[in-house]
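Architecture and fold: a report
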Amino acid sequence: MNQQTKIALQQLARGFNDPQLDAQRVFRQLLQAMARPGQIVPIDRLPEAPEPLCGGAAALALTLFDLDTPIWLDEALCATASDYLAFHTGAPVTAEIGDAAFVLVADGRQLPDLGKVALGDAEYPERAATIIVQVEGLRIDAGHRLRGPGILGHVDITVDGLAPEFWSALQANRRRFPLGFDAMLVAGDMVLGLPRTVVVDKTEA
Amino acid sequence: MYVSVKGGERAITAAHTLLAEERRGDPAVPELSLAQIEQQMSLGVARVMSEGALYDPELAALAIKQARGDMVEAIFLLRAYRTTLPRLATSLPIDTGQMAVRRRISATFKDIPGGQVLGPTFDYTHRLLDFDLAEVKEPAADLSNSGAVEPEPARPMPSVAKILGSEGLLEPEIPGDETAPVADLTREPLSFPAERDARLQALARGDEGFLLSLGYSTQRGYGRNHPFAGEIRLGEVAVEIQPDELPFPIEIGEIEITECQMVNSFKGSKTKPAQFTRGYGLTFGHGERKAMSMALVDRALRCRELDEEPSSPAQDEEFVLYHCDNLEASGFVQHLKLPHYVDFQSELVMVREMRAQQAALKEAAE
Amino acid sequence: MSYNFAYLDEQTKRMLRRTILKAVAIPGYQVPFGAREMPMPHGWGTGGIQVTAAIIGADDTLKVIDQGADDTTNAVSIRQFFAKTAGVATTTRTEDATIIQTRHRIPEKPLKEGQILVYQVPIPEPLRWLEPRETETRKMHALSEYGAMHVRLYEDIATHGRIATAYDYPVQVNGRYIMRPSPIPKFDNPKMDMNPALQLFGAGREKRIYAVPPYTKVKSLDFDDYPFEVQTWEHSCALCGSEDSFLDEIITSDQGDRMFVCSDSDYCQDRQTAGRREAAE
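Residues numbered from 1 in each chain as written. Chains lettered and ligands numbered in written order. Predicted model: local features only at pLDDT ≥ 70, side-chain atom pairs only at ≥ 80, totals over all residues.

A short note on the pairing of strand β3 (residues 250–267) of chain B
Residues and elements named next belong to chain B. Across 13 bridges, strand β2 (residues 228–241) lies against β3 in antiparallel orientation. Its bridge partner being in β3, valine 237 is matched across the sheet by isoleucine 255. Direction of pairing for β3 relative to strand β4 (residues 275–284): antiparallel, over a ladder of nine bridges. Among the inter-strand pairings, valine 263 is bridged to a residue of β4, identified as arginine 278. (Pairing = 2+ DSSP bridges. Helix = DSSP H or I, 4+ residues; strand = E, 2+ residues; numbered from the N terminus.)

Okay, structure coming up:
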């Protein structure tokens, strides 16, 4: 290994303390988030991660990404997190957002064109992308009303730091069911799951 | 007074002990060694390696010993073990043209460059039980006067396919995109329509008996492929890997394989001159019957790319590929031994109700 | 030889975990996955085992049942497998389990939020008996073309005067995908609807995983004039007196004497204990 690589490795943020056990624990938290949309789930195994990648999003990435999942990173993450993700996950980075299994966005106010992400196809709807968006805050509060599988009745949530076009994109997404992307919103160490089954009722902004 | 049946755990432990005793058989009889199985049951070892999808004669011998000679059970042991092995590298495709040939025949020509080399074969034996073999001789200490046949020096052996191909008589192997990833059935499920790489993998791992019968059916009118054995060769080939850091490949070992190239009915049209078509079979170790069966079924399954109407079972891609894995077949057939009494009870309840209803209707009518 | 936690390597677990998340996002749809050879034969629960192995952790408590009972040989074998490879706590009590792996029954005791029920599935495709080809059934699901299924059920009514399916009774999930619940008796179907627990389905040999999230509509197929009905018994359980549970029929003599006993051994045991306590008071 040459000197440059040695230095670069030393500067790389560490991943999970215990990759096997931590990934299992984080996965169960993600499963809870996707099976019960509207529940804001704490991620309690947070790896070190290079800013602006937050601990929760890094935990998610280290749990789910690998050689078989092409990923798309926004500009900020491309510049700061490529080495980290390459080292810890081996996931190939693609410039084509439509080819990505996972789309990672550092700032919910600056979303890429969600119309371009993989939506699956009629015979294989699972081939759609999962979009991971970092936001400022998640809380149960009047904001957007969610209904659907996993939700008993309805749940109201408020998200800070998310561009409003995300919600119209989600509504359009629902109309395409069973096609459509699945999303996870991450605020620090909290995650909210928004599978494509979620129905977002119109709300007063 | 009925007490619900307990003791499942004890029953399982006892069953395992009994199994170990039965496997060993009469303790007064010498125990089988792995070397004996590897050396003297090499064709069984070859089958277990091929369908177990793992080249390791010693492990295959162990599997056969543990499975008490039940080959499908041995194949299962090897496959399950294989799953636990990490993947370190991907080799280059083996070059069977460079094979150190022990046996090589062709039915398409009387003689070919390199010649017809009979090698070790049952083919021309008379199937008479040889009672001399009932005697166990002591292992030979000194082999210098054994009278074994000296191997002939290696001669160049171009494949028959190349010879026919150079005249344009045989379709070239469809080159495809060499940079595209090869299907990997150990990591992804089959999806349909299946491409030839996935089909050949499934057939290579597939049950010899199933493919034998399907191949046989294509010779009897269930499909018309007019096969000729273009070439069957048995011998050792080098396995090479090419790490990123090196500009050349390095050999990491040698394996013995059997390769069969079938030459099948020609295809042509007004615009395209007629050419013979191909079928391909490959096994680990010495496995001619399997390699030939595989080549017949491979050709039958190529109906789609050769514009032939699929009309026979061997041409039915889903039928062949979904049912050729003997692990899946054996598991599902034998799972009928598991308790199914809840479902049976559900049906009993329903059948009794239906019969009672019919009886009541009949009574009312009378 | 030492194995990875829960036997599977990390890459396989990641693949399974991604598959499970997609299955949860598309309720009732069968997601193909690269099933691995396990040390048990296909047909003996390898799908359920792979799902459990992907989700289980050191904090879980595992219950394994077959035909409703914890002590049937295959349930014992699977429970031992996880005790050995994952070191997890195991239990026979439904309410103490965080993960319940089951073959052919849903426990009688209602499940709670946070619990996960993992079903072992032999044939995942509900349209398989109508159409053997995967290429065709995939299209039918894509286009919601379920007419053939309704025709088949109506043919039953014409022949037998009723829908003659007693187990593995097809359902529609979230108003979209038609799904096989696995060979549970139709008696258990109503438990799937709006269940607080997460339901995961694993078919190892057929290489499919599917899911029903908690609080999701699951409707057994029927017709307005022939509504879905569950089985009933004239008897109650000979051991605990239950009149609401699925009963096994036990032949007790050569003359065909029989008795009926709860299939769910944990449920029956609890009732027997409570009954004895009551009698003592």
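Let us keep going from here.
Considerations on the sheet that holds strand β5 (residues 116–120) of chain C
Residues and elements named next belong to chain C. Overall, mixed pairing links the seven strands, which are arranged β1-β9-β8-β5-β4-β2-β3 in an open sheet. A single partner strand is all that each edge strand has here, and the edge strands are β1 (31–32) and β3 (89–90). Of the strand pairs in this sheet, strand β8 (residues 198–203) and strand β9 (residues 208–212) are connected by five bridges, and their pairing is antiparallel. Among the inter-strand pairings, leucine 200 is bridged to a residue of β9, identified as alanine 211. The strands that helix α1 (residues 10–25) touches are β1, β8 and β9; relative to β9, the one it contacts most, it runs at about 45°. Where helix α3 (residues 73–86) meets the sheet, it contacts β2 (61–66), β3 and β4 (99–103), and its direction lies at approximately 160° from that of β2. (Contact = placed C-beta atoms within 7 Å. Axes fitted to C-alpha atoms, helices over the stretch in contact; angles between N-to-C directions.)

Here's the deal with the nonpolar core
As a rule of thumb, soluble globular proteins bury nonpolar side chains together. Ranked by internal contacts, the top residues of the largest apolar core, which has 125 residues, are Leu104, Ile132 and Leu185 of chain A together with Ile20 of chain C. For this core, the element with the most residues is helix α2 (residues 19–35) of chain A, which contributes eight residues. In terms of nonpolar packing, the next biggest core, distinct from the first, is built from 50 residues, Ala198, Tyr280, Val320 and Cys324 of chain B among them. (Core = buried A, V, L, I, M, F, W, Y, C linked by C-beta atoms within 7 Å. Buried ≥ 20, exposed ≤ 12 C-beta atoms within 10 Å, placed from the backbone.)

A look at the environment of glutamate 188 of chain B
Structurally, glutamate 188 of chain B is set in the loop between α6 (160–166) and α7 (196–205). Taking the C-beta count within 10 Å as the criterion, glutamate 188 of chain B has 16 such neighbours and is therefore assigned partly exposed.

Some thoughts on the sheet that holds β4 of chain B
Residue and element names in this part refer to chain B. Read from one edge to the other, the open sheet built from four strands follows the order β1-β2-β3-β4, with strand pairing classed as antiparallel. Each end of this open sheet is capped by a strand with a single partner; those strands are β1 (100–105) and β4. Each strand axis lies, on average, 25° off the axis of its neighbour in the sheet, ignoring direction. Pairing analysis gives five bridges linking β1 to β2, with the strands arranged antiparallel. Pairing of valine 101 across the sheet is with glycine 235, part of β2. Across the sheet, helix α9 (residues 288–301) lies against β2, β3 and β4, angled at about 140° from β4, the strand it touches most.

Considerations on the domain arrangement of chain C
Residues and elements named next belong to chain C. Partitioning chain C into structural domains gives domain 1 (10–220) and domain 2 (232–281). With 14 residues of domain 1 in contact, the opposing surface of domain 2 contributes seven residues. In terms of residue class, the side of domain 1 that touches domain 2 is made up of four nonpolar, four polar and six charged. (Domains from an automatic or database assignment. Nonpolar A, V, L, I, M, F, W, Y, C, P; charged D, E, K, R; others polar.)

Overview of unusual backbone geometry
Cis peptide bonds are those with omega within 30 degrees of zero, and the linkage from glutamate 51 of chain A to proline 52 of chain A qualifies with 5°. Note on placement: proline 52 of chain A falls in the loop between β1 (40–42) and α3 (55–64). Look at the link from phenylalanine 192 of chain B to proline 193 of chain B: it is a cis peptide, with omega at -5°. Structurally, proline 193 of chain B can be placed in the loop between α6 and α7. Although it is not a glycine, aspartate 307 of chain B adopts a positive phi angle of roughly 60°. The topology assignment puts aspartate 307 of chain B in the loop between α9 and α10 (317–323).

Considerations on helix α11 (residues 326–334) of chain B
Those residues of α11 of chain B that sit buried are Asn326, Leu327, Glu328 and Gly331 of chain B. On its buried side, α11 of chain B packs onto α3 (42–52) and α5 (71–83) of chain B.

What about the interface of chain A and chain C?
Taken residue by residue, the interface counts 28 residues in chain A and 29 residues in chain C. Listed by contribution, the elements that provide at least two residues to the side of chain A that touches chain C are α2 and β5 (124–128) of chain A. Sorting elements by how many residues they give to the side of chain A that touches chain C places α2 of chain A first, with eleven residues. The class makeup of the residues in the side of chain A that touches chain C is 15 nonpolar, four polar and nine charged.

Details of the packing of helix α1 (residues 8–24) of chain B against α3 of chain C
The geometry of α1 of chain B relative to α3 of chain C is characterised by a closest axis approach of 9 Å and an angle of 80° between their N-to-C directions. Viewed along their axes, α1 of chain B and α3 of chain C adopt a mutual orientation that is roughly perpendicular. Residues Gly8, Glu9, Ala11 and Ile12 of chain B of α1 of chain B form the contact with α3 of chain C, whose participating residues are Thr73, Val76 and Ser77 of chain C. (Parallel < 35°, antiparallel > 145°, perpendicular 65-115°, else oblique.)

Quick look at the domain arrangement of chain B
Residue and element names in this part refer to chain B. Looking at chain B, the domain boundaries give domain 1 (12–83) and domain 2 (96–120 + 154–174 + 183–324). The C-alpha centroid of domain 2 is placed 29 Å from the C-alpha centroid of domain 1. Listed by partner, the interface residues are ten residues for domain 1 and eleven residues for domain 2. The residue inventory of the side of domain 1 that touches domain 2, partitioned by class, reads six nonpolar, two polar and two charged.

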